[in-house]
Amino acid sequence: MTERHAKDVTRRVYGTFEDGETMNLFVGKEKIGQLIITEEGKEYHLKDGYTYEQKRFLRYDEEMDPVTQYVSDCDLGWC
């Protein structure tokens, strides 16, 4: 079973203008999306796993449950 945990990456996000209306958004060298500025306002187009909520950029990582046993199915006789 997996759970999704949000990590605030706002301080690590930076942008470069592609043209007068589009800014490419990055975390490190990874492109995470675009900010498009129109007359109606701002539009964020972010790749899966990233969101923009309450003026913060969040990255959702799936965390796997920790391994609780080294082997499984020993009742089948292979271990």
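Quick caveat: nothing in here was measured; it's all calculated off a predicted structure.

Draft legend 1. Highlighting the pattern of salt bridges. Taken as a whole, this structure holds 3 salt bridges when the rule is applied. Residues Arg 56 and Asp 8 are paired through a salt bridge, measuring 2.9 Å at the closest nitrogen-oxygen approach. Linking Arg 56 in strand S7 (residues 56-64) with Asp 8 in strand S1 (residues 2-8), this pair joins segments that are 48 residues apart in sequence. Overall, the relative accessible area of 39% leaves Asp 8 in the partly exposed class. Put simply, Arg 59 and Asp 61 hold a salt bridge, and the shortest N to O gap is 3.5 Å. Classification of Asp 61 by relative accessible area gives partly exposed; the value is 32%.

Conventions and cut-offs
- Residues numbered from 1 in each chain as written.
- Predicted model: local features only at pLDDT ≥ 70, side-chain atom pairs only at ≥ 80, totals over all residues.
- Heavy atoms only, no water.
- Salt bridge = Lys/Arg side-chain N within 4 Å of Asp/Glu carboxyl O.
- Helix = DSSP H or I, 4+ residues; strand = E, 2+ residues; numbered from the N terminus.
- Buried < 20%, exposed > 50% of the residue type's maximum accessible area, 1.4 Å probe, protein only.

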